[in-house]
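# Remarks on the overall topology
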Amino acid sequence: MDTSTPTRTRSLSEDTLLRFRARAADADAAGRYPTDDLAELRAAGWFTAALPEHLGGLGLDLVELAREQRRMAHYSPATALSTCMHHYWVGLAADLSRMGLPEADLIAGYVRDGDLLASGHAEVGNDVPVALSTTSATRVDGGWRITGRKMFGSLGEHWDRLGFHAMDAGASAGPVVVHGFVPRGAPGVTTVRNWDAQGMRATESHDTVLDDVFVPDPDVLCVVPAGPPSHPAVAGMQVWAVTLIANVYVGVAERALEIAIAQAARRTSIAIPRGTFAHHPHVQHQVADMYLALDAARACVDAVARDWVCGVDHGPVWGPKVLAAKWQATTAANRVVDLACEVVGGSSYRRGTELERLSRDVRAARFHPGSDAFTHETVGKALLGVDPAGPRW
């Protein structure tokens, strides 16, 4: 009898991903998370993917994990996007471990305990998430009291710990931002089931209310001055988050191109007696446009991930480079999916088709940080030498 432990894979099987695709349409229609996807990912050890092997993980770096999450998006964009919210915390732990920083142990411990982590950064009234917060933090004996409301919280009813940030505006040395984690069952934590969106419906990105929640010091990742990131935990978290999210939308666009090419090879018209729409010059031009946009976007997101893994020193331009890559991915993905609908024709407008679902899912890309406006502001200030820590306008 073989009692050896099964080898965990560094890449999900095609059969697994096909099962994800089979569930995706029903999950979207119902606006419910495909929990069987989570069960399969847990069984594969996928939630330890970015954790170094010496800490019990699979050891994927940002390049490798971004590629796999992009691949998953071909099958179930909502599953790929929502699980990125867990992976970016774990990827941060990997980076902190390589730097020899003790903050890595906090996140690694959660992951080894089997906790599924979520993102608690989006807030109403704050267009510079992480740097500032509309959620309040009050210092008390042994920890902090946190009060506020987080929105767009993927994995809404399925996460175990929410990674949050909150601001103590009255700190004696100036405003500080507290980064930490709250367990689902903590007193004062409430999930508000309000996710009913145009696309990415199966992510269940409900709001979370934090009502005077006590966070003990051992669950605090770091406390940093408000404003541009000044701690490697904050900077690294943003690189992992934005890069992984951007890759999901590139994956959505890649799948849309696949569908468009396949449909163009089948679609016929009595006005094209010698062939299919693949022989139509305008369709050829549209497909070429899709490929050109995707090729450029892939190059940008791949370069950012590769440079991060290789330790390239971009200095103060790191932030603009990451935001620029996400902007390229978002812009290209929306254009590619729109063109795919043009190539496929009216059937892409019919509910229940995969491309119709992708055409809604891709719209969410523009709402992830950084927005179009914030990206242009950040890049422009960097190039013009305007201090991002100074007055905003």
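Keep in mind the model is a prediction, meaning the values are calculated, not measured.

## Some remarks on the packing of helix 6 (residues 232-266) against helix 9 (residues 354-361)
Angle between the axes and distance between the axes: these two values describe a pair of packed helices. Packing of helix 6 against helix 9 brings their axes to within 10 Å, and their N-to-C directions diverge by 150 degrees. Relative to helix 9, helix 6 is oriented roughly antiparallel. Where helix 6 crosses over helix 9, the two elements pack in a sense that is left-handed. Taking contact as the criterion, the partners of Tyr 249, Val 252, Arg 255, Ala 256 and Ile 259 in helix 6 are, on helix 9, Glu 354, Leu 355, Leu 358 and Asp 361. Residues that form the contact of helix 6 with helix 9 fall into these classes: six nonpolar, no polar and three charged.

## A look at helix 5 (residues 103-112)
In terms of burial, helix 5 is largely enclosed, as eight of its ten residues are buried. When helix 5 is considered as a whole, its buried residues turn out to be Glu 103, Ala 104, Leu 106, Ile 107, Ala 108, Gly 109, Tyr 110 and Val 111. Structurally, helix 5 contributes buried residues whose contacts are with helix 4 (77-98), strand 1 (117-120), strand 4 (161-168), strand 5 (176-183) and strand 8 (220-225). Once helix 5 finishes, Gly 114 follows within two positions and takes phi at roughly 90 degrees, a positive value.

## Things to note about the packing of helix 1 (residues 14-30) against helix 9
It is at 11 Å that the axes of helix 1 and helix 9 come closest, and there the two elements cross at 65 degrees. In the packing of helix 1 onto helix 9, the handedness of the crossing is left-handed. Within the contact between the two elements, helix 1 uses Arg 21, Ala 24, Ala 25 and Asp 28 and helix 9 uses Glu 354, Arg 357, Arg 360 and Asp 361.

## Here we look at the pattern of salt bridges
Going through the model one piece at a time under the given rule, you end up with 32 salt bridges. Ionic pairing is found between Glu 64 and Arg 10, a salt bridge with its closest N-O pair at 2.9 Å. With a gap of 54 residues between them, Glu 64 in helix 3 (residues 62-73) and Arg 10 in the segment before helix 1 connect regions that are remote in the sequence. The class for Glu 64 is partly exposed, based on a relative accessible area of 22%. Residue Arg 10 is classed as partly exposed on the basis of its relative accessible area of 34%. Ionic pairing is found between Arg 298 and Glu 254, a salt bridge with its closest N-O pair at 2.9 Å. In this pair, Arg 298 sits in helix 7 (residues 281-310) while Glu 254 sits in helix 6, placing the two residues 44 residues apart along the sequence.

## Focus on helix 9
Within helix 9, eight of the eight residues are buried, leaving the element largely enclosed by the surrounding structure. Within helix 9, the full set of buried residues consists of Glu 354, Leu 355, Glu 356, Arg 357, Leu 358, Ser 359, Arg 360 and Asp 361. Those residues of helix 9 that are buried are in contact with helix 1, helix 4, helix 6 and helix 8 (318-344).

## A word on the side chain of Asp 37
With respect to the secondary-structure elements, Asp 37 resides in helix 2 (residues 35-43). Residue classification places Asp 37 among the buried positions, given a relative accessible area of 0%. Looking at Asp 37, its side chain comes within polar contact range of the side chain of Arg 23, at 2.5 Å. Those residues in contact with Asp 37 that sit more than four places away from it in its chain are Phe 20, Arg 23, Ser 76 and Thr 79.

Definitions and cut-offs
Residues numbered from 1 in each chain as written. Predicted model: local features only at pLDDT ≥ 70, side-chain atom pairs only at ≥ 80, totals over all residues. Heavy atoms only, no water. Axes fitted to C-alpha atoms, helices over the stretch in contact; angles between N-to-C directions. Helix = DSSP H or I, 4+ residues; strand = E, 2+ residues; numbered from the N terminus. Parallel < 35°, antiparallel > 145°, perpendicular 65-115°, else oblique. Left-handed = near helix turned anticlockwise from the far one by under 90°. Contact = heavy atoms within 4.5 Å. Nonpolar A, V, L, I, M, F, W, Y, C, P; charged D, E, K, R; others polar. Buried < 20%, exposed > 50% of the residue type's maximum accessible area, 1.4 Å probe, protein only. Salt bridge = Lys/Arg side-chain N within 4 Å of Asp/Glu carboxyl O. Polar contact = N/O pair within 3.5 Å; in protein donor to acceptor, adjacent residues only side chain to side chain.

Structural measurements only, silent on function.
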